[in-house]
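# Structural features, examined
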Amino acid sequence: MNLILLGAPGAGKGTQAERLVAERGLVQLSTGDMLRAAVAAGTEIGRRAEAIMNSGELVSDEIVVGIISDRIDQPDCEKGFILDGFPRNTAQAEALDKMLAEKGKQLDLVIEVRVDEKILFDRIRTRAAEAGDGAVRADDNEETLRKRLDVYHEQTAPLLPYYQAQGKVRSVDGMQPIETVGAEIKEILDRL
Ligand code: AMP
């Protein structure tokens, strides 16, 4: 089973992806995590991505499409994967459709995790303020968060109609407790 988790930054996609890894043995493919690992390792990609990530903008399609394509080719992805944070715009979604077709794979479902962004923003702002200079993520500050939300609306939200046209979108209310969101996702997948 190959899935996409779609939702605004902070919607809990990563948390739900981790649950699916534990429950279903799927592999979590988070482009954000992969890019942060590249930054930490000081690779060429990491050097190219770091400043862009800290600004809240998207790194180039070419970089993320390449990373995902290579990763999907690894044997552990044969059991199925969850894309978390990819695709982020229509060009990436089209590249994904093309690459999956070439690899003889398909996308089964897109799970939209819906959130109230006002509440979300306050929550993340509090977290960033509490963390201060020791913020866990360099992009966890108010200014960058605002930018990331803008980028989500402008570039990522149009993926909903893109995948709705393919009949693949199911939505869950991400403002509920983590367990409840997880249970709803489980129900959707069990019905598949
Ligand atoms: P995330 O952890 O998914 O919120 O990603 C953190 C940052 O990494 C984003 O704000 C972007 O700068 C970059 N990034 C992650 N995934 C992508 C993607 N699919 N396309 C472009 N940039 C990405």
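Not measured: the values here are computed from a predicted model.

## Quick word on the environment of Asp116
Assignment of secondary structure puts Asp116 in the loop between strand 4 (109-114) and helix 6 (117-131). Residue class for Asp116 comes out partly exposed when judged on its relative accessible area of 35%. Sequence-wise, Asp116 and Gln74 are 42 residues apart; in three dimensions their C-alpha atoms are separated by 36 Å. Within the structure, the side chain of Asp116 is placed 3.0 Å from the backbone nitrogen of Lys118, a separation counted as a polar contact.

## A few points about the site of the ligand
Taken together, 16 residues are adjacent to the ligand, and Thr31, Arg36, Glu57, Gly85 and Gln92 come closest. Residue Arg36 places a side-chain N or O atom 2.9 Å away from an oxygen atom belonging to the ligand. Interatomic distance of 3.1 Å between a backbone N/O atom of Val59 and a nitrogen atom of the ligand. Compared with its free state, where it exposes 480 Å², the ligand has 95% of that area covered by protein. In the shell around the ligand, the residues fall into 6 nonpolar, 4 polar and 6 charged.

## Here's the deal with the pattern of salt bridges
On inspection of all chains with the given rule, the structure shows 15 salt bridges. Note that Glu102 and Lys98 form a salt bridge whose closest N and O atoms lie 3.7 Å from each other. On the criterion of helical spacing, the pair formed by Glu102 and Lys98 is a turn pair, its members being 4 residues apart in helix 5 (residues 90-102). The exposure class assigned to Lys98 is exposed, which follows from its relative accessible area of 54%. Between Arg191 and Glu187 there is a salt bridge; the shortest N-O distance is 3.5 Å. Look at Arg191 and you get exposed, because its relative accessible area is 63%. The network of salt bridges with shared partners includes Arg19, Glu23 and Glu179.

So, how was this worked out
Residue numbers run consecutively from 1 along every chain, following the written order of its sequence. Where totals are concerned, whole chains, interfaces and linings use all residues; where local detail is concerned, this predicted model gives features only for residues with pLDDT of at least 70, and gives and counts side-chain atom pairs only at 80 or more. Excluding hydrogens and water, the side-chain values take into account all heavy atoms of the structure. What counts as a helix is a DSSP run of H or I of at least four residues, what counts as a strand is a run of E of at least two, and both are numbered from the N terminus. Exposure is judged per residue with a 1.4 Å probe applied to protein chains only, and the accessible area is read against the type maximum: over 50% gives exposed, under 20% gives buried, and values in between give partly exposed. Distance and chemistry together define a polar contact, namely a pair of N or O atoms within 3.5 Å, with one atom able to donate a hydrogen and the other to accept it when in protein, and with adjacent residues in sequence counting only for side-chain atoms on both sides. Distances are taken per atom, and a residue is near a molecule or strand as soon as one of its heavy atoms is within 4 Å of it. Each accessible area is a Shrake-Rupley result for a 1.4 Å probe, and residues are judged covered by the shown protein chains and nothing else. Each residue is assigned to one of three groups, with Ala, Val, Leu, Ile, Met, Phe, Trp, Tyr, Cys and Pro labelled nonpolar, Asp, Glu, Lys and Arg labelled charged, and all others, Gly among them, labelled polar. Salt bridges are defined as contacts in which a side-chain nitrogen from Lys or Arg sits within 4 Å of a carboxyl oxygen from Asp or Glu.

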